[in-house]
Amino acid sequence: MICQLVGVTKSYPMGDLLVQALRGVNVSVGAGEFTVFAGPSGSGKSTALNLLGCLDRPTSGEVFLDGQNVATLSDDALGAVRARRIGFIFQSFNLIPVLTASENVDLALRLAGVEGSRAERVEKALTEVGLKDYLHRRPSQLSGGQQQRVAIARALVKSPAIVIADEPTANLDSTNGEAILDLMRQMNEEKGVTFLFSTHDPMVMARAKRVVRLKDGEVVADEVRAPS
Amino acid sequence: MGILLQLAFRNLGRNRRRTLLTVLTVALGTGLLTVALSMLTGILLDTLKFAAAAVGHVRVVDPEYARRDQLMPLAYNLPDVAAVVAAAEGQPGVLSAHPHIMMGVTGAREDQDIGENFSLLHGAPIAYYTDILDLDVYLSSGRLPAKDGEAVLGETFAAELDVKVGGVVIVLGQTQDGSPSPARLEVVGLVDLGNKNVNRQTFVLLSQAQWLADLEGGATEVLVHTADHDDADEVAAALRSQSALSAYDVAAWNERPPFDSVGAFLQAVRGIVSGIIVFITGLGVLNTMLMSVLERTNEIGVMRAMGLTSSQTRAMFLVEAVTIAAFGGVVGVSLGSGVAFYLSRVGIHLGEAVAKAPAGIPLHETVYPHASVDTVVLAFLLGLAMAVVGGILPAWRASRIQPVEAMRHRR
C-alpha cells in the first residue's frame, strides 16, 4: 500500500459557516494503481487528493504514505516528502514560465536534492514523453499538450512513490487529452508508476483501473474495473 | 542557491518595463545618496580644514583657560609664550606653533559712541594669518596689517560699523586684569570668510593684541599645526609628555568644543538623510516585489508543492530584490559620482540658511562635495539595504503561501 486515509475529516471555515469537505473518509491506494477520485464539484475529491499529496493536513484522522503518518509532520518535513516522493500534474500545467522544458524538469530534481547525472535523467524523461526535440523551448513556445507532457516528465523524473494528477485533461482538447492519458497509462503499465487522479471527465474514468466516487465528503462507491 | 539565482535573473526579464523602473528607482536613490553623502563629507572636510586653520590642530593653554574656554579669560594666559612655542616646535611632527590672543571687543567708528557691535579680535604673528588662515586669499579689499595700529575686519563687522578700507575704528577690549582697554585701529583690509557670523571678526598683529590685553611677551594660547589634522591626537599626546609643557592644557582640535560635536552632528545628519532615502527607495522596491508575489502566487504554490521550503522562497525573492538593487546601485553610484565630481568643482551655494549657523560652527555658504571611494561604496551598500528593506515584506508574504492555497488559484 502506497498511501491511505484513515477516518479523515476536513472542514474549512467559509464566512460564519464551517464547510465539511470530508466526513470520515477511509481509502487506500496500492502500488501500481491507476485510480480516479470522481465526483461532482464539492464532493471532496480535490480535498482528498490534496491530503494524499501532502499539500494539506486533515482536521482529524490519519494520512499514511509508505506506512508513515504524515498528518503531523512540520511544513518543511512535508515539503521534503513532496519533493522526494510525490509527483504532481496540474490542470493548468503550471510550468515555470521563465525556465525551459529541460530546466522545468531539472527543477524537480534539484528540489528533491538529487546531485549528479541530472542532465541525463532530464533528457531521458523528456524523451519518454516525446519531447526530445523541445528541451530548450520555454512553456510559451509549446502547445498545451506539449506543456502537459513536460509536466508529466517533471512529475516522473524523480521516480516518485505516487503521481497526483488534478484534472490533468481539463485544459486540453479531446485529442490531446486522450494522448496524455494514453501516455500516463503507458507509464503506469510499463514502469509501474502509481497514478491518482481527481476528475469528472468520463474519458479519464474510462481509462481508470479503479474509480473511487465521492459525494458530499463521503466515499459512496469504490469500483475496480477492467481497463478499456 | 544556484537555482534561486537562476530564477531571480530570469524573473527580472519577465516584466522588463517594471524591472527597469525599479532599477531606475534604486539608481535614483543611490545616486542621490552618493551626491548627498559627498556633500556632507565635503561640509565635514571643509569644517575640519577651517577648524584646523582657526583653532590649531593642537592648542596649548593654561588649564584654567581651558576650563573657562567660552569666556576667553585673559587672566589665565601663557606669560612666557616664546618658551611654549619653542617647546612645541621642537616636537617631531609639528609644522608650526603660533602664539595667539583672542578677546571679545566692541567697536565703533571714530565719530560714533561705542555701541553694541561686537567682534572677536585675533592677535597673531603675520605668518599665522598668511600660512595657516590664508587670510590674504580671503581679502576682498586692501591688505593684511603690517604694524601695530592696523587691522583687517570681517565684512559683516565692517558693514555694521559702515567702515571701509582707509577708515578708522575704535575697539574696546580689556586688559588681563579686567580693565577697559581701547585702541584706535586703521582698517587696512576687509575679508570675506564665507559666513556672515565668521565675518564678524577683527585681525591685528600679536603685538597690538598684547598691548590691548597688557600681556607683553605673552599670549592666551599657542596654536600648533601638524601636516595632517589626523595627526593631531598623536602630536597632542607627545606634547603632553614634554616636561616643559606639563603645566599646560594640551588638546587636539577634535577634543574641544564645538568641533568635538560637529563631526557627530554631521554623522547624525548623514544617517538621517541616508535613512530617508533608503526608506523611500525601499518603498519602490516593496511595490515591485509585492506585485511580483501577487502575480506569481500560483507559481510559488507549485514550487512549494514541489518541495521549495519557506526559507528558500524568502531567499528567492530577496535575491531578486538584491539583484535589482545591484544593477540600480551600479548605475546610481556611477551617475551620482559624476554629479558629485562636477559639483566638487563648481560648488553648491547654500545661502542664508548656513549664514545663520552658530558662530562656533564655521560652515561656508558655498560647499564643495567630496566624492570618495568610501562614499561610493557606502552608497552602493545602502542601495543593497534598500533592496532588503523593500524585499523583506514581499519575501515573507511569498513564504507564507501554502501549496494548497496556490492550487486553488486558477489562471
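Here, the structure is the one placed above.
Computed from a predicted structure; not experimentally measured. What you see as residue numbers is a count from 1 along each chain, following the sequence as written. Each chain gets a letter, beginning with A, and each ligand a number, beginning with 1, in the order they are written. Local features in this predicted model are restricted to residues whose pLDDT is 70 or higher, and side-chain atom pairs enter the listing and the counts only when it is 80 or higher, whereas totals over whole chains, interfaces and linings include all residues.

Asker: In this structure, what is going on with the environment of Leu-205 of chain B? I would like to understand it.
Answerer: All names here are of chain B. The helix and strand labels rest on DSSP assignments: H or I over at least four residues marks a helix, E over at least two residues marks a strand, and numbering proceeds from the N terminus. Residue placement: Leu-205 occurs in strand E8 (residues 201-205). Remark: C-beta atoms are placed from the backbone, and a residue is labelled buried if 20 or more other C-beta atoms sit within 10 Å of its own, exposed if 12 or fewer do, or partly exposed between those counts. A residue is classified by how many C-beta atoms lie within 10 Å of it, and Leu-205, with 23 of them, is buried. Once the C-alpha coordinates of Leu-205 and Gly-123 are considered, the two residues, 82 residues apart in sequence, prove to be 5.0 Å apart. Two residues qualify as being in contact provided that their C-beta atoms, derived from the backbone, are within 7 Å of each other. Non-local contacts of Leu-205, meaning those with residues more than four positions away in its chain, are made with Gly-123, Ile-126, Pro-145, Lys-147 and Asp-148.

Asker: So what exactly am I meant to see when it comes to the interface of chain A and chain B here?
Answerer: The accessible area lost on association of the parts is a frequent measure of interface size. Opposite the 22 residues of chain A that make contact, chain B presents 20 residues. Looking at the side of chain A that touches chain B, the elements with two or more residues in it are helix H2 (75-85) and helix H3 (101-111) of chain A. Ranked by residues supplied to the side of chain A that touches chain B, first place goes to H2 of chain A with six residues. Broken down by class, the residue content of the side of chain A that touches chain B amounts to 12 nonpolar, four polar and six charged. Only Asp, Glu, Lys and Arg are considered charged in this grouping, and only Ala, Val, Leu, Ile, Met, Phe, Trp, Tyr, Cys and Pro are considered nonpolar; every other residue, Gly among them, is considered polar.

Asker: How should the sheet that holds strand E4 (residues 60-65) of chain A be read in this particular structure?
Answerer: Strands pair in a sheet through their backbones, by hydrogen bonds, and they do so in one of two ways: parallel or antiparallel. Residue and element names in this part refer to chain A. Taken together, the four strands give an open sheet; going across it, the order is E2-E1-E4-E5, and neighbouring strands pair in antiparallel fashion. Every interior strand has two partners, whereas the edge strands, strand E2 (17-29) and strand E5 (68-69), have only one. Angles here are taken between N-to-C directions and fall from 0 to 180 degrees, while the axes themselves are lines fitted to C-alpha atoms, restricted in helices to the stretch in contact. On top of the sheet, helix H1 (residues 45-52) reaches strand E1 (3-14), E2 and E4; it is set at about 120° to E1, its chief contact. Any two strands between which DSSP finds at least two bridges are classified as paired.

Asker: What exactly am I supposed to notice about the nonpolar core here?
Answerer: For soluble globular proteins, nonpolar side chains are generally found buried alongside one another. By definition, a nonpolar core groups buried Ala, Val, Leu, Ile, Met, Phe, Trp, Tyr and Cys residues that are joined through C-beta atoms within 7 Å. Membership of the largest hydrophobic core comes to 116 residues, with the highest contact counts inside it found for Ala-153 of chain A together with Met-306 of chain B. With 11 residues, helix H2 (residues 16-55) of chain B is the single largest residue contributor to this core. Sequence-distant contacts of Met-306 of chain B, defined by excluding residues within four places in its chain, comprise Arg-82, Ala-83, Phe-88, Leu-107, Ala-108 and Leu-111 of chain A. Core analysis: the second largest hydrophobic core is formed by 62 residues, Tyr-65, Leu-74, Val-198 and Ala-236 of chain B among them.

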